[in-house]
Amino acid sequence: MTRHALGRYALRLVSLLTALGLWQLLTGLDVDIWLRFSQFPTVTDVAHAFGGRLTGSDYWTDLTDSLTRILSGFLLAAVLGVAVGVLVARSRLAEDLLGPVLEVVRPIPAIALVPVAILLFPSNEQGIVFITFTAAFFPVLVSTRHAVRALTPVWEEAVRTMGGGRWRILGAVVLPGALPSIFGGLSVGIGVSWICVISAEMISGQYGVGYRTWQDYTVVDYPGVFVGMVTIGVLGWVTSTAVELLGRRLTRWLPRTSYVPAGRSRSVVLPATAPVPGHVVVKAEGDSEYQPDAQQQGSGETEQEARDEHLV
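To start, this report covers the structure provided alongside it.

1. Points about the overall build of the chain
Consideration 1: Helix and strand counts for the chain come out as eleven helices and four strands.
Consideration 2: Residue pairs in contact within the chain that sit at least 24 positions apart in sequence constitute 62% of those at least 6 positions apart.
Consideration 3: Summed over all atoms, the accessible surface of the chain reaches about 20600 Å², with 64% contributed by carbon and sulfur.

This is the structure in structure tokens:
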């Protein structure tokens, strides 16, 4: 790990510790300036409650139930969202049949479908998975549909020229070309899924992090409420990071850009499809032209003359 990477991680750690220190300061001093921090538990209170929860079995049961629900709904939404998105983008018949229904249902918040899930499914568990699926399905669908429609037709024509059929085009052009945007939709979907699964657990769940957080609120156990909030935040961060890392690994063939502060220039090596003698390949950002090197140009002409004489 480079020194620059260590510095960035250290900065992130300092940011987190600063936020915790500010929380402890405001709650410890019972600051009430418009916002009533005196009603909040301190960081030490939450830490003590967290330690007590970790030693009990209910915390791990809630954690397992929430993860099972989120993974079941999200994986189902990922598969169906990509499949339906590709189908709608590639088929006018599918767009005419499915498009109106999807566009009418899409603006409805997933959490508003809780009464429908209660009436439709025989158990609360299946209803919560359905809510989680609905929350992640539409972000994945929309991102896939737009990505497939934005693909340049030149790639598809090239595959057809070489004798490739529909499945070859799908596997070699459509899915690889849309993959970056698909993972963008997956990243959004996993975050929305956590919001909806916690809300569904609060309304109709049995066990789960959301259910336990709401129970703590009803018995006025505010440190327990914050334990649930911290758990939700950590779980959401871990799952979102996992989706992002998987996306980077599957799209490692894409060029990666890095942030360069304003006012700084760096040398960029530009790939050349056909090397041109006498032209420098390395140039600084902002330059508009290559600067030919006279010595290399002369040597290139000498080599060309030698080849011509050999051919004669």
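2. A short note on the pattern of salt bridges
Consideration 1: Taken as a whole and assessed by the stated rule, the structure comprises eleven salt bridges.
Consideration 2: Residue R53 is joined to D216 by a salt bridge in which the shortest nitrogen-to-oxygen separation is 2.7 Å. Linking R53 in helix α2 (residues 43–54) with D216 in helix α9 (residues 209–218), this pair joins segments that are 163 residues apart in sequence.
Consideration 3: Owing to a relative accessible area of 7%, D216 belongs among the buried residues under this scheme.
Consideration 4: When the shortest N-O distance is used, the salt bridge between E201 and R69 registers 2.8 Å. With E201 in helix α8 (residues 166–204) and R69 in helix α3 (residues 57–90), this residue pair connects regions lying 132 residues apart in the sequence. Side by side, E201 and R69 carry an identical accessibility label, which is buried.
Consideration 5: Among the ionic contacts, a cluster of salt bridges with common partners joins R53, D216 and D221.

3. Points about α8
Consideration 1: In this model α8 runs just 45 Å from its N-terminal to its C-terminal C-alpha over 39 residues, more than 12% under the 57 Å that 1.5 Å per residue would give.
Consideration 2: Taken as a whole, α8 carries its principal kink of about 55° at L179; the proline P180 stands between one and four residues after it.

4. Topic: empty space enclosed by the protein
Consideration 1: Enumeration over the complete set of coordinates arrives at two cavities of 30 Å³ or more.
Consideration 2: What the largest cavity holds in volume is close to 70 Å³.
Consideration 3: Forming the boundary of the largest cavity are R53, Y59, D62, L63, V209, R212, T213, D216, G224, V227, G228 and T231.
Consideration 4: When residues of the lining of the largest cavity are traced back to their parent elements, those giving at least two are α3, α9 and α10 (222–250).
Consideration 5: Across the lining of the largest cavity, the residue classes break down as four nonpolar, four polar and four charged.
Consideration 6: Surrounding the second largest cavity, V114, A117, I118, N124, G127, I128, I131, A200 and S204 form its lining.
Consideration 7: Elements with a contribution of two residues or more to the lining of the second largest cavity: α5 (114–120), α6 (124–149) and α8.
Consideration 8: When residues in the lining of the second largest cavity are grouped by element, the largest group, four residues, is from α6.
Consideration 9: Residues that form the lining of the second largest cavity fall into these classes: six nonpolar, three polar and no charged.

5. Concerning the side chain of S193
Consideration 1: Position of S193 among the secondary structure elements: in helix α8.
Consideration 2: The contact partners of S193, leaving out residues within four places of it in the chain, are I70, F74, T132, A135 and A136.

6. Quick word on the packing of aromatic side chains
Consideration 1: A full pass over the atoms with the stated rule returns ten aromatic pairs.
Consideration 2: Each ring, one from F37 and one from F40, has its centre 6.2 Å from the other, and the planes form 70°; the classification is edge-to-face.
Consideration 3: Look at F37 and you get partly exposed, because its relative accessible area is 22%.
Consideration 4: Feature note: the residues W23, F37, F40 and F226 constitute an aromatic cluster, connected by ring pairs.

How each quantity is defined
Throughout, a residue's number is its position along its own chain's written sequence, starting from 1. Only residues with pLDDT of at least 70 get local features here, since the model is predicted, and only at 80 or more are side-chain atom pairs given and counted; chain-wide, interface and lining totals rely on the full set of residues. The side-chain quantities take in all heavy atoms of the structure and omit both hydrogens and water. Per the convention used, a helix needs a DSSP run of H or I reaching at least four residues, while a strand needs a run of E reaching at least two, with both numbered from the N terminus. In this description, contact between two residues means that some pair of their heavy atoms is separated by no more than 4.5 Å. Each accessible area is a Shrake-Rupley estimate made with a 1.4 Å probe; only the visible protein chains count as cover when residues are assessed. We define a salt bridge as a contact between a side-chain nitrogen of Lys or Arg and a carboxyl oxygen of Asp or Glu at a distance within 4 Å. Three exposure classes are used, based on accessible area relative to the maximum for each residue type with a 1.4 Å probe and protein chains only: buried under 20%, partly exposed in between, and exposed over 50%. A helix is expected to reach a length of 1.5 Å times the quantity of its residues less one. The angle between axes fitted to the seven-residue stretch ending at a residue and the seven-residue stretch beginning at it gives the bend at that residue. Only protein atoms enter the 1 Å grid used here. Points where a 1.4 Å probe fits but cannot escape make up a cavity, open sets with protein on both sides within 12 Å along at least five of seven lines make up a pocket, and a residue lines them when an atom lies within 4 Å of a point. Grid points are joined across faces, edges and corners, and a volume is the space filled by probe spheres set on the points. Classes in brief: Ala, Val, Leu, Ile, Met, Phe, Trp, Tyr, Cys and Pro nonpolar; Asp, Glu, Lys and Arg charged; the others, Gly included, polar. Pairing of aromatic rings covers Phe, Tyr and the six-membered ring of Trp, with a centre-to-centre limit of 6.5 Å; geometry is then stacked below 30 degrees between planes, edge-to-face above 60, and tilted otherwise.

The values reported here are purely geometric and, on their own, carry no functional implication.
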